Amino acid sequence: MVTELNSSNFKEFISSNDTVLIDFYADWCAPCMMMGPIVEAYAENHSGIKVAKVNIDDEPALAAENKVVSIPNLLIFKGGEFAKRSIGALSKAELEAFVESV
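Residues numbered from 1 in each chain as written. Predicted model: local features only at pLDDT ≥ 70, side-chain atom pairs only at ≥ 80, totals over all residues. Heavy atoms only, no water.

Novice: Explain the nonpolar core to me, please; I cannot follow it from the model alone.
Specialist: In a soluble, globular protein the nonpolar side chains are often hidden away together inside. In terms of nonpolar packing, the biggest core is built from 20 residues, with Phe-10, Ile-22 and Phe-24 touching the most fellow members. Contributions of two or more residues to this core are made by helix 1 (10-14), strand 2 (19-25), strand 3 (49-55), helix 3 (60-65) and strand 4 (73-78). By size, the runner-up hydrophobic cluster in this structure holds 14 residues, among which are Met-35, Val-39, Phe-98 and Val-99. (Core = buried A, V, L, I, M, F, W, Y, C linked by side-chain atoms within 4.5 Å. Buried < 20%, exposed > 50% of the residue type's maximum accessible area, 1.4 Å probe, protein only. Helix = DSSP H or I, 4+ residues; strand = E, 2+ residues; numbered from the N terminus.)

Below, the structure is given as C-alpha cells:
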C-alpha cells in the first residue's frame, strides 16, 4: 500500500527504523504517471519497505524542504534520516536496484 503524505504526517511516517521510499510527483507530469504504477507494484511486493507519495502541487513546502526541484523524485529514508535520491523515471528493475543499493 502506498500512503499519501502531507506536511502533517510526513515526519511521523519517516521517523521509524524501517526503510522508507517516497515518490514526489505531480498529476500533470507524464514521467510521474509512468512511475505511479511501478511504485504501487513495488509497494505491494515488498512488505518490508514503507512506501509513500507526495503531490508537490499540494505540498510545495514539503517538496522545497526535501530539495525536490525535478520530478519524479524518489527519496529513501532509513531510521528517519535521508539516505538516497533518484531523479527521473525508473523501470521496475531500476527501482528495485535503487532501493536495494541503500
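The structure having been displayed, the exposition proceeds.
Novice: What am I meant to see in the pairing of strand 5 (residues 81-87) here?
Specialist: Across a regular strand the side chains alternate sides, sitting on one face of the sheet and then on the other. Taken together, the six bridges between strand 4 and strand 5 define a ladder with antiparallel strand orientation. Within strand 5, the residue paired with Leu-74 across the bridge is Ser-86. (Pairing = 2+ DSSP bridges.)

Novice: Could you clarify how one ought to interpret unusual backbone geometry in this entry?
Specialist: For residues besides glycine, phi is generally negative; the peptide bonds are generally trans as well. A cis amide bond links Ile-71 to the next residue, Pro-72, at an omega of -5°. Summarising the element assignment, Pro-72 is placed in the loop between helix 3 and strand 4. Located in the positive-phi region is Lys-67, a residue other than glycine, with phi close to 55°. By the secondary structure assignment, Lys-67 is in the loop between helix 3 and strand 4. On the basis of relative accessible area, Lys-67 is assigned to the exposed category, the value being 63%.

Novice: Please clarify how the sheet that holds strand 5 should be interpreted in this entry.
Specialist: Whether parallel or antiparallel, the strands of a sheet pair through hydrogen bonds between backbone atoms. With mixed pairing, the five strands of this open sheet are ordered in space as 1-3-2-4-5. Since the sheet does not close on itself, it has two edges, and those belong to strand 1 (2-4) and strand 5, each with one partner. Within the sheet, the average angular offset between the axes of one strand and its neighbour, ignoring direction, is 25°. Inspection of the sheet shows strand 1 paired to strand 3 by three bridges, in the parallel sense. Bridging across to strand 3, Thr-3 finds its partner in Ala-52. Contacts from helix 2 (residues 30-45) reach strand 1, strand 2, strand 3 and strand 4 within the one sheet, and its direction differs from that of strand 3 by about 155°. Docked against the sheet, helix 4 (residues 92-100) engages strand 2, strand 3, strand 4 and strand 5, running at close to 30° with respect to strand 4. (Axes fitted to C-alpha atoms, helices over the stretch in contact; angles between N-to-C directions. Contact = heavy atoms within 4.5 Å.)

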